[in-house]
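Structural overview
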Amino acid sequence: MKAQILVGGFGTRLRPLTLSVPKPLVDFANKPMILHQIEALKAIGVTEVVLAINYQPEVMLNFLKDFEAKLGIRITCSQETEPLGTAGPLALARDKLADGSGEPFFVLNSDVISEYPLKEMIEFHKSHGGEASIMVTKVDEPSKYGVVVLEEATGQVERFVEKPKLFVGNKINAGIYLLNPSVLGRIKLRPTSIEKEGFPKIAAEKMLYAMVLPGFWMDIGQPRDYITGLRLYLDSLRKKDASKLASGTHIVGNVLVHESAKIGEGCLIGPDVAIGPGCVVEAGVRLSRCTVMRGVRIKKHACISSSIIGWHSTVGQWARVENMTILGEDVHVCDEIYSNGGVVLPHKEIKSSILKPEIVM
């Protein structure tokens, strides 16, 4: 089987982290976002993953070459010279995806994190005999999204309603698809959206089916949702494989700590924290609802909550960092500094407090 991951653009919503690496390589729960997907695909027997990409393809490929060998899966690139939306990339990679076997292929949006029930999706796809299957997820506020209206008993999709004013349903497109090769024949090589143009046509012919995603789902393409996604992911990890989570008197709730990280005396860590490789957390530090990426040093008695600390940054003694502060790569927050929602670009030193959310160039 084959799969395509829609990597796409510049990752502007996750700046300043995406100023250092393309968005799919930003760490989430101590490994690059895209690796969560590639591992899930590999686990159900996918042999080749095609990345649809229009930004820094060489960085992505060089990085993923290591994983090709480790995971034993082929990773190739289909490079767009202009942004092609979500359907154009399928046409561009037609020759790679349609290999004459007639097997369906997966398409995933690279921002989506979930439990990836791909095996169940294959069974669902075979059972209904339609041309395409999409995952849908239930949300509390459907008016912010495109809603998928479906027949509950069979999962057959009736129509799509974009940002409905009146309630028509609470299931939205979860960005995970399983498509027959015949779908490729419907798509032209031009900037086009499979959600707006491709799927409604297939639905009109009663050949599109939706499976409700079990477990959690989050689009982690922006900081607030990234932090929420980490909480959901760690909750799910607790249920599936709690041995991977940290434990001890200094840990509260779900915390993921890389084996090479060092944690000092008298810290209190959690809930919903990920600490990456090579990090040093000194004595008396308080961490909650945050991600601390590779090579970060957090000095004594610092307090960090609801924030993302980028690679190789340092947070000074008695500093307080909170309210969706995002430090890019190699940012140095001096001792006793307060950051309230500061978004700090890479290689900066912060010598005075950030009292209200702002971007620090």
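The numbering scheme is per chain: residues are counted from 1 as the chain's sequence reads. Thresholds applied to this predicted model are a pLDDT of at least 70 for local features of residues and 80 or more for the giving and counting of side-chain atom pairs; totals over whole chains, interfaces and linings are not thresholded and use all residues. The side-chain numbers reported here are obtained from all heavy atoms of the structure, hydrogens and water having been left aside.

**Focus: the sheet that holds strand β20 (residues 297-298)**
When DSSP finds two or more bridges between a pair of strands, those strands are recorded as paired. Elements are defined by DSSP. Helices are runs of H or I of four residues or more, strands are runs of E of two residues or more, and each kind is numbered from the N terminus. With respect to topology, six strands assemble into an open sheet ordered β15-β18-β20-β22-β25-β28, the strand pairing being parallel. The open sheet is flanked by β15 (262-263) and β28 (349-350), the only strands paired with a single partner. Pairing between strand β22 (residues 314-315) and strand β25 (residues 332-333): two bridges, direction parallel. Bridged to Val 315 within β25 is Val 333.

**Some points on the packing of aromatic side chains**
The criterion for an aromatic pair is that two Phe, Tyr or Trp rings (for Trp, the six-membered ring) have centres within 6.5 Å, with stacked assigned to planes under 30 degrees apart, edge-to-face to planes over 60 apart and tilted to the rest. Under the defined criterion, the tally for this structure stands at four aromatic pairs. Taken together, a centroid distance of 5.6 Å and an interplanar angle of 75 degrees make the contact between Phe 28 and Tyr 233 edge-to-face. Pair noted here: Phe 28 is in strand β2 (residues 27-28) and Tyr 233 is in helix α7 (residues 223-241), with a separation of 205 residues, a long-range link. Here Tyr 177 and Phe 199 contribute two aromatic rings whose centre-to-centre distance is 4.8 Å and whose plane-to-plane angle is 80 degrees, an arrangement assigned as edge-to-face. Of this pair, Tyr 177 sits in strand β11 (residues 171-179) while Phe 199 is found in helix α6 (residues 194-204), placing the two residues 22 residues apart along the sequence. Assigned by exposure class, Tyr 177 and Phe 199 land together as buried. Residue exposure (1.4 Å probe, protein chains only): buried if accessible area is under 20% of the type maximum, exposed if over 50%, otherwise partly exposed.

**Focus: the UniProt feature "domain: Mannose-1-phosphate guanyltransferase C-terminal" (unreviewed entry) in the protein chain**
UniProt positions are given in the numbering used here, feature names are shortened, and annotations may be inferred rather than shown by experiment. What UniProt calls "domain: Mannose-1-phosphate guanyltransferase C-terminal" (unreviewed entry) maps, in this numbering, to residues 251-360. Split by type, residues 251-360 is 0% helix and 42% strand. Its first and last C-alpha atoms lie 32 Å apart.

**Observations regarding α6**
The complete set of buried residues in α6 reads Ile 194, Gly 198, Phe 199, Ile 202 and Ala 203. The buried residues of α6 all sit within an arc of 130 degrees when viewed along its axis, so they share a single face. In α6, the exposed positions angled more than 90 degrees off the buried face are occupied by Lys 196, Lys 201 and Ala 204. Phi turns positive, to about 60 degrees, at Lys 206, one or two residues after α6. Of all possible arcs, the one meant is that of the directions from the helix axis to the C-beta atoms.

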